[in-house]
Amino acid sequence: MMNDIIADALTRIRNAAMRKLEVATLLHSNTVVGVLNVLLQKEYIAGFKVIDGQNNKKTIQVELKYDDNEKSVINEITRVSKPGRRVYKNASEIKNFKNGYGTIIVSTNRGVIANDEAYAANVGGEVLCTVW
């Protein structure tokens, strides 16, 4: 049994990028799919697809993205809000991250979105993770 499926997904992506793998396999969750949609929109990953497995267990295969020097596009990906310590921010507190080079992924009442969308929509929420 796993408590934090988002932290597990981020760790699998981080480890696969360090090993320069083409694909990382994650456990399925709607929140993880939301995080991956933001990563795809911000061009941190090349793509992902949900795969139906045995016994109604779904997995997600994530295509990692590398630059011309075969270095991962994701420099750092960290979990902010954890099961033992939830972190909530309002719209003005999540305006930018790393001077606009990074992205804060926020779970709001409008779904899982990036910090610039949350700021434009003037909504806050739980800060899931940061990426740059």
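Residues numbered from 1 in each chain as written. Predicted model: local features only at pLDDT ≥ 70, side-chain atom pairs only at ≥ 80, totals over all residues. Heavy atoms only, no water.

**Student:** I would appreciate a short explanation of the packing of helix 1 (residues 5-18) against helix 2 (residues 30-41) in the present structure.
**Tutor:** What describes two packed helices is the angle between their axes and the distance between those same axes. Their axes nearest at 9 Å, the elements helix 1 and helix 2 cross at an angle of 40 degrees. One element, helix 1, and the other, helix 2, form an angle in the oblique class. Here helix 1 and helix 2 pass one another in a crossing that is right-handed. In this structure, helix 1 contributes Ile5, Ile6, Ala9 and Ile13 to the contact, and helix 2 contributes Thr31, Val32, Leu36 and Leu39. Across the contact of helix 1 with helix 2, the residue classes tally to seven nonpolar, one polar and no charged. (Axes fitted to C-alpha atoms, helices over the stretch in contact; angles between N-to-C directions. Helix = DSSP H or I, 4+ residues; strand = E, 2+ residues; numbered from the N terminus. Parallel < 35°, antiparallel > 145°, perpendicular 65-115°, else oblique. Left-handed = near helix turned anticlockwise from the far one by under 90°. Contact = heavy atoms within 4.5 Å. Nonpolar A, V, L, I, M, F, W, Y, C, P; charged D, E, K, R; others polar.)

**Student:** Which parts of the structure should I look at to understand empty space enclosed by the protein?
**Tutor:** Where empty space is left can be seen by rolling a probe of water-molecule size over the atoms. Summed over all chains, the structure comprises one cavity of 30 Å³ or more. Taken as a whole, the largest cavity holds about 40 Å³ of empty space. Ile6, Ala9, Leu10, Ile13, Val32, Val35 and Leu36 together form the lining of the largest cavity. Only helix 1 and helix 2 provide two or more residues apiece to the lining of the largest cavity. No other element matches the four residues that helix 1 contributes to the lining of the largest cavity. (1 Å grid on protein atoms, 1.4 Å probe; cavity = no way out; pocket = protein on both sides within 12 Å on 5 of 7 lines; lining within 4 Å. Points joined across faces, edges and corners; volume = space filled by probe spheres on them.)

This is a description of form; function is not addressed.
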